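Listed below, chain by chain, are the residues.
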Amino acid sequence: QGPSRGRSLRSVAFSLGAPFILRFVAAMPIPEPDVEVPEGDLKKGAKLFKAKCAQCHTCEKGGNAKQGPPLYGVMGRQSGTYDGFAYS
């Protein structure tokens, strides 16, 4: 009995249960967006990092942890996993 026969989509979703719905949604592939990313500007990036990030973070290999964790190796690292920091 589908939504057109008296049951709303909402009631069907509730009857299936949240775990089923979450597994279904998680299994849906999400295509990469087709966008062009402009070339970065190293000078502007360094200036921006110094002004906004360097107070709390380092970016060189072996850099010390400050108020925030070091950012070296952040690409590909699972978020919220650097030891010694409480993540919200």
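These numbers come from a predicted model, not from an experiment.

**Examining the state of the cysteines**
Phase 1: Evaluation of the coordinates by the stated rule reveals zero disulfides.
Phase 2: The thiol sulfur of Cys 56 is not disulfide-bonded, and the nearest other cysteine sulfur, from Cys 53, lies at 8.6 Å.
Phase 3: A relative accessible area of 23% means that Cys 56 is categorised as partly exposed.
Phase 4: The thiol of Cys 59 is not disulfide-bonded; the next cysteine sulfur, from Cys 53, is found 8.9 Å away.

**Some thoughts on the packing of aromatic side chains**
Phase 1: Here the structure, examined in full by the defined rule, presents one aromatic pair.
Phase 2: Between Tyr 82 and Phe 85, the ring centres sit 5.9 Å apart and the planes meet at 50 degrees, which makes this aromatic pair tilted.
Phase 3: For Tyr 82, a relative accessible area of 30% puts it in the partly exposed group.
Phase 4: Residue classification places Phe 85 among the partly exposed positions, given a relative accessible area of 23%.

Definitions and cut-offs
Residues numbered from 1 in each chain as written. Predicted model: local features only at pLDDT ≥ 70, side-chain atom pairs only at ≥ 80, totals over all residues. Heavy atoms only, no water. Disulfide = S-S within 2.5 Å. Buried < 20%, exposed > 50% of the residue type's maximum accessible area, 1.4 Å probe, protein only. Phe/Tyr/Trp six-rings, centres within 6.5 Å; stacked < 30°, edge-to-face > 60°.

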